[in-house]
Amino acid sequence: MWMVFFFVCVLHCTVAYKVLVCYPFPAKSMNNLGEGIVRHLLDAGHEVTFITVYPKQVTHPKFRQIDVSGNAALIENDEHVNITYILENSAEVSSDKEFLQELTWKIAVNTFQDANMRRLVEDTQGKFDVVIADLLETELYAGLAVLYDAPLIWSYSMGAHWLAIRMIDDPTNPAYSTDYYASVSPPYSVGQRFQILWQQIMWRYAKYFKYMPKEKNSFKSIFGPLIAKRGRKLPKYEELIYNASLVLSNEHHATGKIPKTPQNWKLVGGYHIQDPPVSLPKDLQVMMDNAKHGVIYFSMGSMWKSEMIPKRLTDELLKMFGGLKETILWKYEADLPHRPKNVHTIKWAPQQSILAHPNCKIFISHGGLLSSTEAIHFGVPIIGIPISYDQYINIEKSVTKGYALKVSLSYNLAKDLKPAIESLIQDTKYKENVKFLSSIYHDRPIPPGKELVHWIEHVVRSRGALHLRSIALDVPFYQKAYLDIIAITITTFTFITCLIKQLFRRKPTKQIKKKVN
Ligand SMILES: *[C@@H]1O[C@H](CO)[C@@H](O)[C@H](O)[C@H]1NC(C)=O
Ligand SMILES: *[C@@H]1O[C@H](CO)[C@@H](O)[C@H](O)[C@H]1NC(C)=O
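Residues numbered from 1 in each chain as written. Chains lettered and ligands numbered in written order. Predicted model: local features only at pLDDT ≥ 70, side-chain atom pairs only at ≥ 80, totals over all residues. Heavy atoms only, no water.

Q: I would appreciate a short explanation of the site of ligand 1 in the present structure.
A: Taken together, Asn 82, Thr 84, Tyr 85, Glu 88 and Met 308 make up the full set of residues adjacent to ligand 1. Between ligand 1 and the protein, one listed contact pairs an oxygen atom with a side-chain N or O atom of Asn 82 at 2.3 Å. A total of 360 Å² of accessible area belongs to ligand 1 in isolation, and the protein chains cover 46% of it. In the shell around ligand 1, the residues fall into two nonpolar, two polar and one charged. (Near = heavy atom within 4 Å. Polar contact = N/O pair within 3.5 Å; in protein donor to acceptor, adjacent residues only side chain to side chain. Areas by Shrake-Rupley, 256 points an atom, 1.4 Å probe, with all protein chains shown as cover. Nonpolar A, V, L, I, M, F, W, Y, C, P; charged D, E, K, R; others polar.)

As structure tokens, then:
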């Protein structure tokens, strides 16, 4: 009997689930988050299908990739990622609220037209135990959960705020929580509160009146025939998009100013980081080991390429860097001749391994959430040059937490960077603050990758983790806003006042009449 018990136990513990991980947005940073999920799931023995724009040359018996690299064409030559264009036109993506709603919807439609994707979804034998989809403005990928009759998990790349929290609970109060478009963090002034409220109203207007109808049509035309082929009926779009079991949120409390989150909002920030990091290539290792005065690592991420910085500004930056005693490691995607001796460029940077090196003193970054998290993970202070999306708010938070300085992207960049670098080198408080936050960040019951796998398995085991859902989703808006009670109160009050008025009006008239008589 014990043998049987043991056998059942082993069987139960080694159950491998089939997981669909969907990351069709053409941005390398997002894809890094997807790769993180894939890596942890494969390590835990699960079978993973990964929808990706950047497929890798790997063969693994339990790993399959759905190549949707065609999506990259949708943002190629986009002026929003051209630093020269941004400088010349002082353009921010953040000022264009509808841009991303339109783009993400187009990308979703394009994804489902992709030949590789069609092969996946048209295969009626295809089965998955859970679908994990990257959430960015559009919710069309929720259709995959219906197609495979599997629980849905949203993965969210830009931290805890109302735009994503609204998918599993009431959105948080705009008086203290904002979204990735904001450039200020709470507490807010009257003007800022007005602005943030207005932004939310405008976002909702665009979403509900322009993009939801488009998404619903796309949902019907894409998933209608597929689900009919599987002999089922299409549910209502509104029902399924708010039906996720969890949100896996790429953030950690150490960054601070996180609003209240529901119980199925899982802050697993940092899971994409490989710890211990992979070792540096030999030449980089030697270079960093020998940097007597430390290394300043400069990278604008994968989307905004340093080679797009205008030549004049590049020359000024090189000159300024040349005057420093530190070694500069610049992620620059093209050849950069006539560099000062202390400036090294690399076309592709093993960022985590660079930040992990004890000689890495400063990280000059656009402040995307992956870079910000990596800076806290490895305890490196930041100089932030935000360009768009959540970068402004991330840098704003890092500055208030005392481990970063902000420098604006402008033609004065070289002039403005110099004093920022000097402050960060001379004043040890930035390093102390980031080390303190790093210790908070690492002080967790289990590492984020393990936690991530736990919650994904939990969703499958508990058939959608219905017990974690917020009750708020079942309550209609008029009840939450107490509109019915307000209506009843007003009606009752009006009725009673009218009644009393009527009563008091009659009595005196009778008395007067009596007196007259
Ligand atoms: C970037 O923008 C500048 C200025 O608008 C333009 O001259 C340049 O051709 C653009 N570069 C690319 C690669 O699109
Ligand atoms: C909502 O999710 C649960 C659990 O995954 C599932 O059983 C149910 O069918 C889903 N409903 C819709 C409308 O998708």
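Continuing now.
Q: Before we go on, may I ask you to explain the side chain of Asn 250 in this structure?
A: By the secondary structure assignment, Asn 250 is in the loop between strand S6 (246-249) and strand S7 (265-267). Residue Asn 250 is classed as buried on the basis of its relative accessible area of 1%. Of the polar contacts made by the side chain of Asn 250, one reaches the backbone oxygen of Ser 157; its length is 3.3 Å. With residues near it in sequence (within four places) discarded, Asn 250 still touches Leu 33, Tyr 156, Ser 157, Gly 159, Gly 269, Gly 270, His 272, Leu 369 and Leu 370. (Helix = DSSP H or I, 4+ residues; strand = E, 2+ residues; numbered from the N terminus. Buried < 20%, exposed > 50% of the residue type's maximum accessible area, 1.4 Å probe, protein only. Contact = heavy atoms within 4.5 Å.)

Q: Could you clarify how one ought to interpret the side chain of Gln 200 in this entry?
A: Along the chain, the position of Gln 200 falls in helix H8 (residues 190-229). When residues no more than four places from it in sequence are discounted, the contact partners of Gln 200 are Trp 162, Pro 174 and Ser 177.

Q: Mind showing me how you'd approach the environment of Asp 289 here?
A: Within the element layout of this structure, Asp 289 appears in helix H10 (residues 282-290). Residue classification places Asp 289 among the partly exposed residues on the basis of a relative accessible area of 43%. The sequence separation of Asp 289 and Glu 47 amounts to 242 residues, and the corresponding C-alpha distance is 40 Å. Setting aside its immediate chain neighbours within four residues, Asp 289 contacts His 357 and Asn 359.

Q: Before we go on, may I ask you to explain the sheet that holds strand S9 (residues 327-331) in this structure?
A: Consider a sheet: its strands pair through backbone hydrogen bonds, and that pairing is either parallel or antiparallel. Taken in spatial order, the six strands make up an open sheet running S10-S9-S8-S11-S12-S13, and their pairing is parallel. Sheet topology places strand S10 (343-346) and strand S13 (404-406) at the edges, where each strand pairs with a single neighbour. Between one strand and the next, the sheet's axes are offset by a mean angle of 20°, whatever the strand orientation. Summarising the sheet, strand S12 (residues 382-384) and S13 pair through three bridges and their orientation is parallel. Bridge assignment links Ile 382 to a residue of S13, and that residue is Ala 404. (Pairing = 2+ DSSP bridges. Axes fitted to C-alpha atoms, helices over the stretch in contact; angles between N-to-C directions.)

Q: Explain the site of ligand 2 here, please?
A: Near ligand 2 the following residues occur: Pro 151, Leu 240, Asn 243, Arg 463, Gly 464 and Arg 469. Considering ligand 2 on its own, with 370 Å² of exposed area, one finds that the protein chains cover 62% of that surface. Looking at side-chain class alone, the shell around ligand 2 contains two nonpolar, two polar and two charged residues.

Q: What exactly am I supposed to notice about helix H13 (residues 369-378) here?
A: Because the α-helix completes a turn every 3.6 residues, residues three or four places apart line up on one side. Most of H13 sits out of view: 10 of its 10 residues are buried. Those residues of H13 not exposed but buried are Leu 369, Leu 370, Ser 371, Ser 372, Thr 373, Glu 374, Ala 375, Ile 376, His 377 and Phe 378. Where H13 is buried, its residues contact helix H2 (28-43), helix H12 (351-356), strand S11 (360-365), S12, helix H14 (391-400) and helix H16 (429-442). A positive phi of about 65° marks Gly 379, the residue just after H13.

Q: Please explain the packing of aromatic side chains as it appears in this structure.
A: To describe a pair of aromatic rings, one takes the distance between the centres and the angle between the planes. Inspection of the entire model under this criterion finds 15 aromatic pairs. Here the aromatic rings of Tyr 205 and Phe 209 are separated by 5.2 Å at their centres, their planes lie at 35°, and the arrangement is tilted. Of this pair, Tyr 205 and Phe 209 both sit in helix H8, separated by four residues, roughly a single helical turn. Relative accessible area serves as the criterion here: at 48%, Tyr 205 is assigned to the partly exposed category. Phe 209 sits in the exposed class, given a relative accessible area of 60%. The aromatic ring of Trp 455 is capped on one face by Lys 266, whose charged end is 3.8 Å from the ring centroid. Above the ring of Tyr 441, the side-chain terminus of Arg 444 is found at 4.5 Å from the ring centroid. (Phe/Tyr/Trp six-rings, centres within 6.5 Å; stacked < 30°, edge-to-face > 60°. Lys NZ or Arg CZ within 6 Å of the ring centre and 35° of its normal.)

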